[in-house]
There are 2 protein chains.
Amino acid sequence: MTTRNADIRVAIFEDNKLVRDAYEAIFSGTNGFACTGVFTDCTDLDFKIRKSAPDVVLMDIEMPGMDGIAATQQITSAAGAPSILMQTVFEDDEKIFAALCAGAVGYILKTSSPVQLLQAVSEVVSGGSPMSPQVARRVLKLFQHHAPHATVSDTETLSEREKEILTLMVNGNAARQIAEHLFLSYETVRTHLKKIYRKLHVVSSAGAVAKALKDRLV
Amino acid sequence: MTTRNADIRVAIFEDNKLVRDAYEAIFSGTNGFACTGVFTDCTDLDFKIRKSAPDVVLMDIEMPGMDGIAATQQITSAAGAPSILMQTVFEDDEKIFAALCAGAVGYILKTSSPVQLLQAVSEVVSGGSPMSPQVARRVLKLFQHHAPHATVSDTETLSEREKEILTLMVNGNAARQIAEHLFLSYETVRTHLKKIYRKLHVVSSAGAVAKALKDRLV
DNA sequence: CCAGTTTTCACCCAGTTGGGGTATAGATGC
DNA sequence: GCATCTATACCCCAACTGGGTGAAAACTGG
């Protein structure tokens, strides 16, 4: 460490100058924190990370060139990588999902106060994942069912047998295999399949499988 | 509503008497909150929920008889169900995962202070998902681990064109439709499909769709 | 007991699918 | 330049699929 042992080393990736300067001032001017790098984009990303050797990277999710999500993926793929705290102006389910999949450990809004920001970074260092309860709820929603189309009404019109057959289909079985598996005649399985297609408003096995997985019918 | 309009109605499920009484005291004795039900177990669960009509259910994750996870599942499966805030003594990855899958919207530790507890319940009501940064990190870990199977190696062997065609298939298109959509000949699309099947190790469109969705290839 | 639903099975038929070839044009790479 | 890859396109053929119709057995709830 080149800084005092208690200092948390923070690197900032942010394309907006006003925000960038504000962040730099906050971390540079607060005891216990050190701003070891301020960057406007992700070119030479590996070099910038090595040079600033941060404990925590504050990463803007939207940046020109390589965006924050791609950068997060690249940074976290290395061994001993720093923790990455994403920041965004507005919650966007898809982006949140992508950022967390990419390996970000926390998520804060740009509307957070300086105190909240410092606290969030501290929490990241001590092994936490700070995020606003609102963002946490969104993450949970994605987590609970990545595609919550929730066609409950349709699910329930499917009989037990039909769900059973749909499940087998999702697991890659063709009509003939399903028949063998359930000790049914091939024609019976086909009859079931036709009814399933009508109920799900699809016209092919591929469509049925897609609907089953997207709507969590199985 | 039988209570003042600003009051948040809370129902408590907790088998330990000391904890139970403490919680009741906290919610009964704080302005803006009303404790509308205190229960030691989940027998007659539906009745207890209907009777107490809570906005938020504070649910112990471990209880004799039906545990808090099963109870959460039952409660959230009904329409217009209350939000459920889980509480536990110690973080347990599996239990956290199960509880959130069951539909809990938040998660707090029993070591939380009364103020934190009240704040957590308030956050639930206003659409948030309160959880300690430590718990959030665990959720994220499970989330990152469970959700993105990301068979990157296999995905990347699919060419851009192949991914494009696979996406169209997932969206319910047959070979003929894909051909029209991409201004390709029917036979060309079929050639692509055959290559996709070989790469994904499947033998049908249904299998390809299942793999694409399960492994998030599209 | 009767009506309705589910489950089971069968046949017909046009169209599609999956597997196997073969081949040409363009891009990439050494 | 030559190898390789990708995208494009076509052919054959057996098998499967999806739609329709019909019908019997079993169960469900009045």
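Residues numbered from 1 in each chain as written. Chains lettered and ligands numbered in written order. Predicted model: local features only at pLDDT ≥ 70, side-chain atom pairs only at ≥ 80, totals over all residues. Heavy atoms only, no water.

Draft legend 1. Summary view of the overall build of chain A. Summing up its helical and strand segments, chain A has 11 helices and 5 strands in all. Here chain A, with 218 residues, has 47% of them falling under the buried criterion. Pairs at least 24 residues apart make up 63% of the contacts formed inside chain A by residues separated by at least 6 positions. Accessible surface, chain A as shown: approximately 10,500 Å² in total, 53% of it carbon and sulfur. (Helix = DSSP H or I, 4+ residues; strand = E, 2+ residues; numbered from the N terminus. Buried < 20%, exposed > 50% of the residue type's maximum accessible area, 1.4 Å probe, protein only. Contact = heavy atoms within 4.5 Å. Areas by Shrake-Rupley, 256 points an atom, 1.4 Å probe, with all protein chains shown as cover.)

Draft legend 2. Molecular detail of the interface of chain B and chain A. Counting from both sides, the interface comprises 33 residues of chain B and, opposite them, 33 residues of chain A. Buried area between chain B and chain A, both sides added, is near 2,800 Å², and the carbon and sulfur share of it is 64%. The tally of links between chain B and chain A comes to 2 residue pairs in polar contact (both at pLDDT 80 or more). The leading source of residues in the side of chain B that touches chain A is helix H6 (residues 133-146) of chain B, at 7 residues. (Buried area = accessible area lost by both parts, 1.4 Å probe. Polar contact = N/O pair within 3.5 Å; in protein donor to acceptor, adjacent residues only side chain to side chain.)

Draft legend 3. Spatial organisation of helix H10 (residues 186-200) of chain A. Residue and element names in this part refer to chain A. Its 15 residues place the ends of H10 21 Å apart at the C-alpha level, agreeing with the 21 Å of an ideal helix rising 1.5 Å per residue. Taken residue by residue, H10 has Val189, His192, Leu193, Ile196, Tyr197 and Leu200 as its buried positions. The buried side chains of H10 occupy one side of the element, clustering within an arc of 140° when seen end-on. Packed against the buried residues of H10 are helix H8 (160-170), helix H9 (175-182) and helix H11 (205-214). One or two positions beyond H10, positive phi appears at histidine 201, with a value near 60°. (Expected span 1.5 Å × (residues − 1). Arc of directions from axis to C-beta.)

Draft legend 4. Highlighting the pairing of strand E1 (residues 8-13) of chain B. All names here are of chain B. Burial analysis of E1 places 6 of its 6 residues in the buried class, which makes it a mostly covered element. Here E1 shows two buried faces, one formed by Ile8, Val10 and Ile12 and the other by Arg9, Ala11 and Phe13. Pairing analysis gives 6 bridges linking E1 to strand E2 (residues 33-39), with the strands arranged parallel. Within E2, the position partnered with arginine 9 by the bridge is alanine 34. Taken together, E1, helix H1 (residues 17-28) and E2 constitute a β-α-β crossover, and its handedness is right-handed. Note: E1 against strand E3 (residues 56-60), 4 bridges, orientation parallel. If you follow isoleucine 12 over to E3, its bridge partner there is leucine 58. (Pairing = 2+ DSSP bridges. Right-handed = clockwise from strand over helix to strand, strands pointing away.)

Draft legend 5. Focus on the protein's contact with DNA strand C. Taken together, 20 residues surround DNA strand C, and among them Ser159 and Arg161 of chain A together with Arg176, Arg190 and Ser205 of chain B come closest. Counted by atom, the contact set of DNA strand C within 4 Å of the protein is 54% sugar and phosphate. Within the side chain of arginine 176 of chain B, a nitrogen or oxygen atom sits 2.7 Å from a phosphate oxygen of DNA strand C. Elements supplying a minimum of two residues to the surface near DNA strand C: H10 of chain A together with helix H9 (175-182) and helix H10 (186-200) of chain B. The greatest single-element share of the surface near DNA strand C, amounting to 6 residues, is contributed by H10 of chain A. Of the residues belonging to the surface near DNA strand C, the class tally is 6 nonpolar, 7 polar and 7 charged. (Near = heavy atom within 4 Å. Nonpolar A, V, L, I, M, F, W, Y, C, P; charged D, E, K, R; others polar.)

Draft legend 6. Structural detail: the sheet that holds strand E5 (residues 106-109) of chain A. Residue and element names in this part refer to chain A. If you trace the 5 strands from one edge of the open sheet to the other, you get E2-E1-E3-E4-E5, paired in parallel fashion. Looking along the sheet, the strands with just one partner apiece sit at the ends: strand E2 (33-39) and E5. Within the sheet, the average angular offset between the axes of one strand and its neighbour, ignoring direction, is 25°. Sheet strands in contact with helix H1 (residues 17-28) are strand E1 (8-13), E2, strand E3 (56-60) and strand E4 (83-88), and its direction is about 155° off that of E2. Across the sheet, helix H2 (residues 45-52) touches E1, E2 and E3, and the angle it forms with E1 is around 155°. (Axes fitted to C-alpha atoms, helices over the stretch in contact; angles between N-to-C directions.)

Draft legend 7. Structural view of the protein's contact with DNA strand D. Near DNA strand D you find 19 residues, and of these Arg176, Arg190 and Ser205 of chain A together with Ser159 and Arg161 of chain B are the closest. Among the atoms of DNA strand D close to the protein, meaning within 4 Å, 56% are from sugar or phosphate groups. The separation between a phosphate oxygen of DNA strand D and a polar side-chain atom of serine 159 of chain B is 2.7 Å. One of the side-chain N or O atoms of threonine 191 of chain B is found 3.3 Å from a base nitrogen in DNA strand D. When contributions to the surface near DNA strand D are tallied by element, the ones reaching two or more residues are H9 and H10 of chain A together with H10 of chain B. The dominant element in the surface near DNA strand D, judged by the number of residues it contributes, is H10 of chain B, at 5 residues. Of the residues contributing to the surface near DNA strand D, the split by class is 6 nonpolar, 7 polar and 6 charged.

Draft legend 8. Structural view of the environment of lysine 163 of chain A. Relative to the elements of secondary structure, lysine 163 of chain A occurs in helix H8. Sequence separation of lysine 163 of chain A and alanine 212 of chain A is 49 residues, and the distance between their C-alpha atoms is 9.3 Å.

The values are spatial; any link to function lies outside them.
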